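Breakdown of the fold
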Amino acid sequence: MLTKLKVNTTKHTQMLDITDKVQKAVSDSGVKDGICTVFIPHTTAAVTINENADPDVVRDFTTEIDKIVPWEDGYYHFEGNSAAHLKSSMIGFSEQIIIDEGRLVLGTWQGIYFCEYDGPRNRKVYVMVMGE
Ligand code: ZN
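First things first, this report covers the structure right here in the doc.

Criteria and cut-off values
- Residues numbered from 1 in each chain as written.
- Predicted model: local features only at pLDDT ≥ 70, side-chain atom pairs only at ≥ 80, totals over all residues.
- Heavy atoms only, no water.
- Donors = N, O, S within 2.8 Å, 3.2 Å for Na, K, Ca; no water.
- Tetrahedral: all angles 85-135°; square planar, octahedral: opposite > 155°, others 65-115°.
- Buried < 20%, exposed > 50% of the residue type's maximum accessible area, 1.4 Å probe, protein only.
- Axes fitted to C-alpha atoms, helices over the stretch in contact; angles between N-to-C directions.
- Helix = DSSP H or I, 4+ residues; strand = E, 2+ residues; numbered from the N terminus.
- Parallel < 35°, antiparallel > 145°, perpendicular 65-115°, else oblique.
- Left-handed = near helix turned anticlockwise from the far one by under 90°.
- Contact = heavy atoms within 4.5 Å.
- Nonpolar A, V, L, I, M, F, W, Y, C, P; charged D, E, K, R; others polar.
- Salt bridge = Lys/Arg side-chain N within 4 Å of Asp/Glu carboxyl O.
- Pairing = 2+ DSSP bridges.
- Core = buried A, V, L, I, M, F, W, Y, C linked by side-chain atoms within 4.5 Å.

Right, let's get into the coordination of the zinc ion. Only H77 (NE2), E79 (OE), N81 (OD1) and H85 (NE2) from the protein coordinate the zinc ion, and they sit 1.9 to 2.1 Å from it. Each of the four donor atoms around the zinc ion contributes to a set of angles spanning 94 to 143°, which defines the coordination as irregular. Mapped onto the sequence, the residues coordinating the zinc ion show the spacing H-x1-E-x1-N-x3-H. Assessed through its relative accessible area of 3%, N81 is described here as buried.

Dropping the structure here:
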């Protein structure tokens, strides 16, 4: 079962916790045991799994990735957003999460984050749930 989620970002660089939205897609599918794939159909956004307990982790993550890939660095790409393209590929466009008894198998401190690198924009997230 494929679910298309809408995510509206409000900042240029932002990490949004989408765990509840992905879990709802899994619950709505009725699948009890299987695999959930989260895919980002954009070239300047990404998805990752990381800590959702201390918000400073997200703050550090976004601050440090901006240092690793600065917005201005003599890039050639005419659109002016090469940094966002680079960060998206570094973080990645998909995650796979195991489903056990209808629940996403995530560690106690893990959440699924939509990563915006060229916002604010209206984005899509594809969630494919497979199993039985
Ligand atoms: Zn571009």
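Once that is clear, we can look at the packing of helix α2 (residues 55-68) against helix α3 (residues 82-91). Two numbers describe how α2 lies on α3: the axes approach to 10 Å, and their chain directions differ by 120°. Relative to α3, the element α2 lies oblique. The two elements α2 and α3 cross, and the hand of that crossing is right-handed. In this structure, α2 uses F61, I65, D66 and I68 to contact α3, whose residues at the interface are K87, M90 and I91. In the contact of α2 with α3, the residues fall into five nonpolar, no polar and two charged.

Our focus in this paragraph is the pattern of salt bridges. Under the defined criterion, the tally for this structure stands at six salt bridges. K67 is paired through a salt bridge with E64; the nearest N and O atoms lie 3.0 Å apart. Here E64 and K67 lie together in helix α2, a separation of three residues that amounts to about one turn. Under the relative-accessibility criterion, K67 is labelled exposed at 57%. Residue classification places E64 among the partly exposed residues on the basis of a relative accessible area of 38%.

Moving on, we come to the sheet that holds strand β5 (residues 94-100). One open sheet holds the five strands; their spatial order is β1-β8-β3-β5-β6, and the pairing between them is antiparallel. Whereas interior strands pair on both sides, the edge strands pair on one side only; in this sheet they are β1 (2-8) and β6 (103-104).

Before going further, it helps to examine the environment of I68. Relative to the assigned elements, I68 resides in helix α2. Given a relative accessible area of 60%, I68 falls into the exposed group.

Okay, the nonpolar core next. Most often, soluble globular proteins have nonpolar side chains that are buried together. Formed by 21 residues in total, the largest nonpolar core has its most connected members in I18, V22, C36, V38, I112, V125 and V127. Elements supplying a minimum of two residues to this core: β1, α1 (19-29), β3 (33-39), β4 (45-51), β5, β7 (110-116) and β8 (122-131). Counting eight residues, the second largest nonpolar core, distinct from the first, contains M15, V58, A84 and Y117.

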